[in-house]
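Residue-level structural notes
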Amino acid sequence: MTSFRRRGRIDRSRLERTRTDRTQNEWAEDLGDGVDFEVEELHADKPRHRSKGIYLLPNAFTTAALFCGFFAIVNAMNHQFETAAIAIFASLVLDGMDGRVARMTNTQSAFGEQYDSLADMVSFGVAPALVAYEWALKDLGKWGWLAAFTYCAGAALRLARFNVNTTVVDKKFFQGLPSPAAGALMAGFIWLADDNKIPVRDSAIPWITFFLAVYAGLTMVSNARFYSGKALDVRYRVPFGVMVLMILTFVLISSNPPLTLFGLFVAYSISGYVIWAWERMSGRRFS
């Protein structure tokens, strides 16, 4: 913005007359005739915009998670459903790492939060819905794409509510099923059924997928509370039994990955309703 400064030059010879023998108006009139002004343009200093960078390490994990979600969609289009399901699980692992890395290295930022939310929408909202639709839901016609859309819309609403409630919701619990867990629930069933490791008739698989998609989509926008795991800090000591439990978990997953992972996320997806029922029956809040 340009500003101007007015500079006046007064004819001093006209001020030699005394002001007492003239009226104030006559004196001001003569003085005005002898005043001329110069306008000098002043150029205001333009503010220097500081370049805003982003933290590389946590956003690199977010980008990798986004890539896995997109990779799952591409493989579903090529009818590689097992690979697509594994890619969603890989995105789940990477998504869990970016936030913890940011907190451990003190590199949290508003950009990182928004970027992570958009990546989650692709990896755990759009990707599971499209993979499930291409795999089984399209056999149901209109009901199939409605179930896929219910899941996708539930993930979008879940992420939007999470972004605006970060300062008011209990950090130990999520409000509604987290979208990564919902995506893992869908991917786990697809992986398990695609390997023919589930005793279900082929005609029933589309309807089971329909039920899981609708259940996951509605549970994401429910008020049921699910344990977040944020109270566990890897920087501090833990009891020895926790290490033994982790070893057993890795053994179970490696022995039969699709069955173990699907069972774990089924249990987690109903845990919120178990907590809700316990609170209603006992009259106390679970913490």
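These numbers come from a predicted model, not from an experiment.

Cut-offs used in this document
- Residues numbered from 1 in each chain as written.
- Predicted model: local features only at pLDDT ≥ 70, side-chain atom pairs only at ≥ 80, totals over all residues.
- Heavy atoms only, no water.
- Helix = DSSP H or I, 4+ residues; strand = E, 2+ residues; numbered from the N terminus.
- Buried < 20%, exposed > 50% of the residue type's maximum accessible area, 1.4 Å probe, protein only.
- Contact = heavy atoms within 4.5 Å.
- Axes fitted to C-alpha atoms, helices over the stretch in contact; angles between N-to-C directions.
- Parallel < 35°, antiparallel > 145°, perpendicular 65-115°, else oblique.
- Left-handed = near helix turned anticlockwise from the far one by under 90°.
- UniProt positions renumbered as here; feature names shortened; annotations may be inferred.
- Lys, Arg positive; Asp, Glu negative; His and termini not counted.
- Salt bridge = Lys/Arg side-chain N within 4 Å of Asp/Glu carboxyl O.
- Nonpolar A, V, L, I, M, F, W, Y, C, P; charged D, E, K, R; others polar.
- Core = buried A, V, L, I, M, F, W, Y, C linked by side-chain atoms within 4.5 Å.
- Phe/Tyr/Trp six-rings, centres within 6.5 Å; stacked < 30°, edge-to-face > 60°.

**So, the overall build of the protein chain**
When helices and strands are tallied, the protein chain shows nine helices and four strands. Start at the N end of the protein chain and walk to the C end: the helices and strands fall as β-α-β-α-α-α-α-β-α-α-β-α-α. Burial analysis of the protein chain (287 residues in total) assigns 34% to the buried set. In the protein chain, once contacts between residues fewer than 6 apart in sequence are set aside, the share between residues at least 24 apart is 79%.

**Looking at the packing of helix H7 (residues 205-220) against helix H9 (residues 257-282)**
Two elements in contact, H7 and H9, have axes whose closest approach is 11 Å; the angle formed by their N-to-C orientations is 45°. With respect to each other, H7 and H9 are oriented oblique. Read as a crossing pair, H7 and H9 show a hand that is left-handed. Only Phe-262, Ser-269, Ile-270 and Tyr-273 of H9 make contact with H7, whose side of the interface consists of Leu-212, Tyr-215 and Thr-219.

**A look at the UniProt feature "transmembrane region" (unreviewed entry) in the protein chain**
The sites that carry the UniProt feature "transmembrane region" (unreviewed entry) are, in the present numbering, residues 54-74, 143-161, 173-192, 204-224, 236-253 and 259-278. Overall, residues 54-74 shows 90% helix and 0% strand. The separation of its end C-alpha atoms is 29 Å. Taken end to end, residues 204-224 is 76% helix and 0% strand, and its two terminal C-alpha atoms sit 28 Å from one another.

**Remarks on the side chain of Asp-95**
Within the secondary structure layout, Asp-95 lies in helix H3 (residues 81-104). This buried residue, Asp-95, is left without a salt bridge; Arg-103 holds the nearest opposite charge, at 9.5 Å. Filtering out sequence-adjacent residues up to four positions away, Asp-95 remains in contact with Ala-65, Asp-116, Asp-120, Phe-124 and Pro-180.

**Brief notes about the packing of helix H4 (residues 110-135) against helix H5 (residues 142-164)**
At their nearest, the axes of H4 and H5 sit 9 Å apart, and the two run at 165° to each other. As summarised for this structure, H4 and H5 are arranged roughly antiparallel, according to the angle between their axes. Between H4 and H5 the crossing geometry is right-handed. Residues Ser-117, Asp-120, Met-121, Phe-124, Gly-125, Val-126, Pro-128, Ala-129 and Tyr-133 of H4 form the contact with H5, whose participating residues are Gly-144, Trp-145, Ala-148, Tyr-151, Cys-152, Ala-155, Ala-156, Leu-159 and Asn-163. Among the residues forming the contact of H4 with H5, the class breakdown is 13 nonpolar, four polar and one charged.

**Observations concerning the nonpolar core**
Most often, soluble globular proteins have nonpolar side chains that are buried together. Ranked by internal contacts, the top residues of the largest apolar core, which has 48 residues, are Ala-72, Phe-89, Val-131, Trp-135, Tyr-151 and Phe-189. Listed by contribution, the elements that provide at least two residues to this core are helix H2 (56-77), H3, H4, H5, helix H6 (179-194), H7 and H9. At 11 residues, the largest contribution of residues to this core is made by H6. For Trp-135, the residues in contact, after removing those within four places along its chain, are Phe-81, Phe-189, Ile-190, Ala-193, Asp-194, Ile-205 and Thr-209. Listed in part, the five residues of the second largest apolar core include Phe-61, Ala-65, Cys-68 and Leu-94.

**Quick word on the packing of aromatic side chains**
Counted under the stated rule, the structure contains 12 aromatic pairs. Ring geometry for Phe-189 and Phe-262: centres 5.8 Å apart, planes at 45°, overall tilted. Separated by 73 residues along the polypeptide, Phe-189 in helix H6 and Phe-262 in helix H9 bring together distant segments of the chain. The residues Phe-189 and Phe-262 share a single accessibility class, namely buried. Taking 5.7 Å as the distance between ring centres and 45° as the angle between the ring planes, the aromatic pair formed by Phe-226 and Tyr-268 counts as tilted.

**Observations concerning the environment of Ala-216**
Mapped onto the fold, Ala-216 is located in helix H7. Since its relative accessible area comes to 0%, Ala-216 is described here as buried. Once the C-alpha coordinates of Ala-216 and Pro-178 are considered, the two residues, 38 residues apart in sequence, prove to be 9.5 Å apart. When sequence neighbours within four positions are dropped, the list of residues in contact with Ala-216 reads Tyr-151, Ala-182 and Leu-185.

**Some details on unusual backbone geometry**
One non-glycine residue, His-79, lies in the positive phi region at around 60°. With respect to the helices and strands, His-79 occurs in the loop between H2 and H3. What makes His-79 partly exposed here is its relative accessible area of 48%. With phi around 55°, Asn-106 is a residue other than glycine that occupies positive phi space.

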